[in-house]
Structures are given as structure tokens and as C-alpha cells.
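# Breakdown of the fold
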Amino acid sequence: MYLPLMFLLSACSGPFSMLDAQGPAARDALFLWWLMFGMFSVVFFAVIILWFVAIRKKQTPQHNTATMHRRWIIGGGLILPISAMILILFFGIPAGHRMLPLPSDSEDIFVIEVTGHQWWWEVVYPEHGIRLQNEIHIPADTPIDIRLTSNDVIHSFWVPQLAGKLDMIPGKTNTLRLQADYPGEYRGQCAEFCGLNHAFMQFTLTAHSPENFAQWLQEAQ
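Residues numbered from 1 in each chain as written. Predicted model: local features only at pLDDT ≥ 70, side-chain atom pairs only at ≥ 80, totals over all residues. Heavy atoms only, no water.

### A closer look at the overall build of the protein chain
Along the protein chain, the regular secondary structure elements total 4 helices and 10 strands. Mapped from its N terminus to its C terminus, the protein chain presents α and β elements in the order α-α-α-β-β-β-β-β-β-β-β-β-β-α. Residues counted as buried form 33% of the 221 residues belonging to the protein chain. Excluding contacts between residues fewer than 6 apart, the proportion of contacts in the protein chain whose partners are at least 24 apart in sequence is 64%. Taken as a whole, the protein chain presents about 14,200 Å² of accessible surface, with 64% of it coming from carbon and sulfur. (Helix = DSSP H or I, 4+ residues; strand = E, 2+ residues; numbered from the N terminus. Buried < 20%, exposed > 50% of the residue type's maximum accessible area, 1.4 Å probe, protein only. Contact = heavy atoms within 4.5 Å. Areas by Shrake-Rupley, 256 points an atom, 1.4 Å probe, with all protein chains shown as cover.)

### Thoughts on the nonpolar core
A general feature of soluble globular proteins is that nonpolar side chains tend to end up buried together. Core analysis: the biggest nonpolar cluster contains 33 residues, and Ile112, Val114, Ile136, Phe157 and Leu178 have the highest contact counts within it. Beyond its immediate stretch of four places on either side in the chain, Ile112 contacts Val123, Val124, Tyr125, Pro126, Ile136, His137, Ile138, Ile144, Asp145, Ile146 and Arg147. (Core = buried A, V, L, I, M, F, W, Y, C linked by side-chain atoms within 4.5 Å.)

### Things to note about the UniProt feature "transmembrane region" (unreviewed entry) in the protein chain
If you check UniProt for "transmembrane region" (unreviewed entry), the listed places come out as residues 31-52 and 72-93 in our numbering. Across residues 31-52, the secondary structure splits into 100% helix and 0% strand, with the terminal C-alpha atoms separated by 32 Å. What you have in residues 72-93 is 100% helix and 0% strand, and the ends, taken at the C-alpha atoms, are 30 Å apart. (UniProt positions renumbered as here; feature names shortened; annotations may be inferred.)

Given below as C-alpha cells:
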């Protein structure tokens with residue numbers, strides 16, 4: 001009885017699930033996902049109900065056919081999609097604005113530089129002289145700017161539980177702001193097909209408490 005439901009929910013958690021948000025940017029993306037999923041569900045079931053009504057309804061008189069067509073065109077072709085777009089933009093624009101790496105007046109943003117290679121990640125802490133491979137360490141509950149570029153082809157940096165994905169383009173630097181609410185270990189993956197070993201281009205992001213991160217910085221240097 002519960003097996004189909006368990007199958008559908010099997011991807012709702014785990015290190016590569018965007019439905020298991022552990023940071024503010026990921027929560028904004030999750031909210032938009034549920035909003036669009038809810039709108040899709042309403043429209044889907046409304047269409048199913050109207051389909052049942054249509055197949056059971058008796059033949060419409062000829063003089064009413066043109067009026068019915070106009071109503072469907074105006075309601076289904078104009079009012080419904082315009083209302084849906086306005087609703088998504090009403091919530092989506094503020095959420096997208098919060099995800100941007102905007103300047104912060106309250107504190108300096110910690111910066112990490114990440115370069116994508118076929119098929120590994122080069123991680124540099126420019127202010128501390130630290131260079132790592134396939135692992136990132138950050139303080140928890142702190143906004144972090146990840147400056148992204150590529151050394152060869154287009155890659156895409158993605159930590160599903162913390163933020164959306166952002167492309168890494170040769171010769172260009174993109175900045176992704178992410179934040180982990182709590183200390184823990186998070187998995188990252190290249191989200192843009194980049195060659196033979198693309199599926200194995202993964203990394204680990206570890207969020208430390210502020211005290212433990214300061215200790216890690218000292219030891220890493």
C-alpha cells in the first residue's frame with residue numbers, strides 16, 4: 001500500500017537532493033519549486049476535471065459554440081497563463097534578488113576561489129595561501145562567496161543542499177553566494193556535462209563551527 005508513495009519520496013532527502021535544503025539560498029529555490037509544483041498540480045487536476053465534464057456533457061447548441069470558444073481562449077489562453085506568470089514573478093524576483101552576491105554592509109564576505117578542471121576541483125583561499133583539491137571548508141552560518149572559473153571546458157558548480165548551480169566558464173569569473181545553516185558535510189557535483197569522467201567530478205564541502213574553522217585555517221596554513 002505504501003510502496004508507491006515510498007518510491008515517489010525516495011529522492012526527497014540525501015546529499016544530492018535540492019528538497020533537503022540546509023541554507024537560505026537553497027530554501028528560496030525550494031520555495032519556488034514547491035510554488036511551481038503546486039500551480040502545476042492545480043492546473044493539472046483542473047484540466048482532468050474539465051475533461052470529465054466535457055465527455056459527460058450533452059451536445060452544445062450551435063449558437064452557443066462561438067461563445068464557448070471565446071471563453072476558453074480568453075480564460076485558458078490569456079487569464080490563466082498571465083496570472084501564473086504574475087504570481088511566479090511576484091515571489092521569484094525577490095527570491096532571486098536574495099540569492100545574488102550583493103555587497104554586505106554588516107561584514108566582509110569570506111571569499112573562496114574554485115577552478116574547474118577535467119575532472120577535478122582546484123580550491124584556493126586567496127587571503128590565507130591555502131590550496132586544496134576536491135574539498136572545501138567553510139564556517140557555518142556565514143555567507144560565503146565562491147568565485148568560479150574553468151581551466152578548460154564549461155563546468156557547473158552545484159551543492160544541492162546549499163544553493164543553486166552556477167556555470168564555470170573559461171576566461172570568466174562568476175560568483176555564487178552560499179551559506180550552511182549548521183556544521184556538517186555536504187556533497188557537490190559538476191552539473192554540466194564536461195567529458196568522459198563528468199559523473200565522477202564531485203567534491204566535499206565541510207561546514208565547521210566558527211571556532212573549529214579558525215582552528216582548521218591555522219592548521220591548513
